[in-house]
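# Descriptive analysis of the structure
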Protein chains: 2
Amino acid sequence: MTAYDALMSHDRQTRALGQISGRLSWDQETMMPSGAVDQRAEEQGAMEAVLHARRTDPQVGGWLDAAEPETDVAAASIREIRRGFERASKVPAELATALARLTSKSQGIWAEARRANDVAAFLPVLEEVVALKREEAQAVAGNSVNSPYDALIEDYEVGITGAELQTMFDGMRPGLVALRERALAGQAGPAISGSFACDVQMSLANEVAERFGYDKTRGRLDLAVHPFSSGSGDDVRITTRICEDDPFNCLYSTIHETGHACYEQRIDPAYRLTPLGHGVSMGVHESQSRIYENQLGRGRAFCGWLFGAMTDRFGDIGVADADAFYAAVNRVHRGYIRTEADEVQYNLHIMLRFDLERALVGGDLTVKDLEAAWNDRFEADFGYAVDKPSNGLLQDVHWSVGLFGYFPTYSLGNVYAGCLYKALTSQVSGLDAALAQGDPSPATTWLQTNLQTHGGLRLPKDTITHACGEEPTSAPLMAYLEEKFTALYPD
Amino acid sequence: MTAYDALMSHDRQTRALGQISGRLSWDQETMMPSGAVDQRAEEQGAMEAVLHARRTDPQVGGWLDAAEPETDVAAASIREIRRGFERASKVPAELATALARLTSKSQGIWAEARRANDVAAFLPVLEEVVALKREEAQAVAGNSVNSPYDALIEDYEVGITGAELQTMFDGMRPGLVALRERALAGQAGPAISGSFACDVQMSLANEVAERFGYDKTRGRLDLAVHPFSSGSGDDVRITTRICEDDPFNCLYSTIHETGHACYEQRIDPAYRLTPLGHGVSMGVHESQSRIYENQLGRGRAFCGWLFGAMTDRFGDIGVADADAFYAAVNRVHRGYIRTEADEVQYNLHIMLRFDLERALVGGDLTVKDLEAAWNDRFEADFGYAVDKPSNGLLQDVHWSVGLFGYFPTYSLGNVYAGCLYKALTSQVSGLDAALAQGDPSPATTWLQTNLQTHGGLRLPKDTITHACGEEPTSAPLMAYLEEKFTALYPD
């Protein structure tokens, strides 16, 4: 057996075990009885110990040194395994254990502080988390030219730095603020209203997921508190949630997760359980979920079909026609919560978090000053003040569990979605005609062929460049948003 | 850290991983999308490799040699770990791998042969399975006084030999045959009939499970093709199945699995994820499922409550009163299939399989002669001839997957249930009065205190002796069956 074969065989088994760990997390969010939580924590801990030992196994280092790739696929596979191995090996085991222990504790403290609207109860443990994440980031960055924050970004998005993101986001912000001001000063049409039975919402969500290409023979749709997609290859499961008075919550969460799931389901089967057999980065993953959800799902054409599908099922939904329905789907509204934000304001939420977390990790902002910084920035970008901590600093789980460097991938995904939509519309004709019939397949087939099937073959940015035929920039997203929301909110 | 502490810590992590593997099997039978089957096989294979490496880790042998137990619990834990370690270490890795590969293939061949009623299509692979199992049995038995078949029994039931089982079963057989003849010659009352909506069946099954003590905060009830119980400690899940024209299928499968699940749920929490934290053997496990299902669930007292519960929910069910309902629940009927057999004929099914598989492993019967031997014995014991292979030799999955030595534990469980029921009724008053109100808790509390809570502390037979105050024999079961079915089928 060659070193490459030995490396791939070991890696394949590790990835199979990683899939199991992900399936356990799915189970915990969907099926697990409440009383099993402590036992499950111990089971997952045992699994993590096995995975960590395999990922840092010195044999992997030896195989990596000796492996000689003969194909592009082999070279890409070695590249991915090497990065994972070096990343895992750079962090001392004690630090990894301390972080795992701290963040499992701090998540509970955060949840309780959010419930009680009590920032002071959260800050001490957040301070500990930031300190350990800085330590981790420094261990990973080592003597490289990248900053510690860049090292954290790399866990989610390889090949982009904090400085590059800063430049991109700073360029977008004025336009987004202007769009937000225009929309909030303008006349919004009515929201939808009516009676939306849970089982009918769920049945429509299932239909819509399948229309967007979700293969139910290799996945399933369940309910969970937070929608997510889980797994790769032939077992990719998604969840959604249901609000009885807001069917868009269930529907657009489902379309979003369908985007993630289709990316996983449509990767070349030859890559299954290899380093190339899953979405290449969080940013590229989010580009899929966002283009499904926004450019396709919230576009005028598909809204025409959806208006009919909803009135068929729910009767009167409080809007007169498909145009009014489209306006209701895309209403820009005041709000504090990132996950409920519209396409315009969403990226402002991300930029706020990006700047603050980059300053925290870089040592330019202390946890003590974080709330004031959040509130000042929110008022500047959104035009109104945060009313309570659960609508401000305490709203997201991410920092409590040590996810620093993750937030920017959301907006990067939107930027990538903008690029992909521009390429898609320029290359595929009849897109809107099909969408108006409830058929996104011309779009999703293009995405499959040009992006999804390639999995992790290319680096994230190269994946987008390959699909679009040009390097990604924020211009297409900004142009799309300006055109869409200027039309929705005319002077 | 002492050798004992190191041993227990390693073992605990292995057991946590074992729980995960069991949870995956549950998922496969209940939730997994059909297209995920190949990927799941690879995931489970990776998990099995991890578990096998841990179970045969030479460090375990060192710790076992050095460990000094200071308590009964420690001594019992070491005893259990030692047996598992020695068992796993005796079988050469290549043989274990060959068996795993063969039985995963042979199960498919069996399923197809059963569907086609084609014995000849199954026998060649069965011959291979028997050969490998004999090899495995010889490796495990080694130079011990036990026969190879005894070594296989030990995988499911420690402390009993094929010869002992033979003596016990041969003693029971004439009485069972006589009871079967009496019942089939007698007058059976009507079966129930009516309309049994699936959701109502499932809701009643949930209620009955909880009445029998199943803790739904640490478990859940789902549908599966074959009912089973899965997991230990705080996450013990059960499944049932629904036939729209036979509600007893769902109900009594649920009560049966509830017996298994309550055994697991009610073990002393201090034993969780230790060698004592699960049911001690298949026979003792089956004693719990059987006493819940038969002595309690099919007894006259509980049938009185159940008749009311069913007529409340389903209206007319085709029987006039609780006595007629009780007779319908306990109807003895001609049939070929073990899993559908009544309390009288069930054990005859087991004894047939036990004698044949013991002869196969012992070399006294060839696979070539197996079908004739099955059919001759069936006609002798049941009084009518097998009509087709899917009702005969091909009906059970067990042999196709290498489960030899497993069948006798079903009847042993019935024997143990008989002993427990005798002790229970002699020690607890008011049992039937409570059961007549749909309340099995006086019985299940006694089982919890005297048996379930102790988990694997004592060897299987000692577990029963401890609970009953005397050594188990088949006499109580035979007396119970004779009394019950003589009354149901009077001269």
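It should be emphasised that the depicted structure is a prediction, and the values quoted were computed from it without experimental measurement.

## Digging into the nonpolar core
Counting residues in each nonpolar core, the largest one holds 132 residues, and the members touching the most others are M310(B) and F325(B). When neighbours within four sequence positions are excluded, F325(B) is seen to be in contact with I192(B), F248(B), C303(B), L306(B), F307(B), M310(B), I317(B) and V319(B). Ranked by size, the runner-up nonpolar core spans 131 residues in total, among them A137(A), L204(A), Y214(A) and A322(A).

## As for the sheet that holds strand 1 (residues 221-223) of chain B
Hydrogen bonding along the main chain pairs the strands of a sheet, whether they run parallel or antiparallel. Residue and element names in this part refer to chain B. The 3 strands are arranged 1-3-2 in an open sheet whose pairing can be described as mixed. Looking at the sheet topology across the chains shown, the edges are occupied by strand 1 and strand 2 (229-230). Bridge count for strand 2 against strand 3 (residues 237-240) is 2 bridges, and the pairing is antiparallel. Its bridge partner being in strand 3, S230 is matched across the sheet by R237. Contacts between helix 10 (residues 247-265) and the sheet are confined to strand 1, strand 2 and strand 3, with strand 3 contributing the most and set at about 160 degrees to the helix.

## Quick word on the interface of chain B and chain A
Residue-level contacts link 38 residues of chain B with 37 residues of chain A. Here chain B and chain A share an interface that buries about 2900 Å² over both sides, 59% of which is from carbon and sulfur atoms. The interface formed by chain B and chain A includes 6 salt bridges. Our enumeration of links across chain B and chain A arrives at 13 residue pairs in polar contact (both at pLDDT 80 or more). For the side of chain B that touches chain A, the leading source of residues is helix 1 (residues 3-30) of chain B, giving 11 residues. Residues that form the side of chain B that touches chain A fall into these classes: 14 nonpolar, 11 polar and 13 charged.

## Side note on the side chain of S289(A)
All names here are of chain A. Take S289: it is sitting in helix 11 (residues 282-296). Polar side-chain contacts of S289 include one of 3.2 Å to the side chain of H260. Look past the residues within four positions of S289 in its chain and what remains in contact with it is H256, G259 and H260.

## Observations regarding the pattern of salt bridges
Considering all chains together, one arrives at 70 salt bridges over all chains under this definition. Close ionic contact of R290(A) with E286(A) constitutes a salt bridge, the shortest N to O distance being 3.4 Å. With R290(A) and E286(A) both in helix 11 and 4 residues apart, this pair spans about one turn of that helix. Under the relative-accessibility criterion, R290(A) is labelled buried at 8%. Between E181(B) and R180(B) there is a salt bridge; the shortest N-O distance is 3.7 Å. The exposure class assigned to R180(B) is buried, which follows from its relative accessible area of 5%. Among the ionic contacts, a cluster of salt bridges with common partners joins R23(A), D235(A), R237(A), D27(B), R40(B) and E43(B).

What counts and what doesn't
- Residues numbered from 1 in each chain as written.
- Chains lettered and ligands numbered in written order.
- Predicted model: local features only at pLDDT ≥ 70, side-chain atom pairs only at ≥ 80, totals over all residues.
- Heavy atoms only, no water.
- Core = buried A, V, L, I, M, F, W, Y, C linked by side-chain atoms within 4.5 Å.
- Buried < 20%, exposed > 50% of the residue type's maximum accessible area, 1.4 Å probe, protein only.
- Contact = heavy atoms within 4.5 Å.
- Pairing = 2+ DSSP bridges.
- Helix = DSSP H or I, 4+ residues; strand = E, 2+ residues; numbered from the N terminus.
- Axes fitted to C-alpha atoms, helices over the stretch in contact; angles between N-to-C directions.
- Buried area = accessible area lost by both parts, 1.4 Å probe.
- Salt bridge = Lys/Arg side-chain N within 4 Å of Asp/Glu carboxyl O.
- Polar contact = N/O pair within 3.5 Å; in protein donor to acceptor, adjacent residues only side chain to side chain.
- Nonpolar A, V, L, I, M, F, W, Y, C, P; charged D, E, K, R; others polar.

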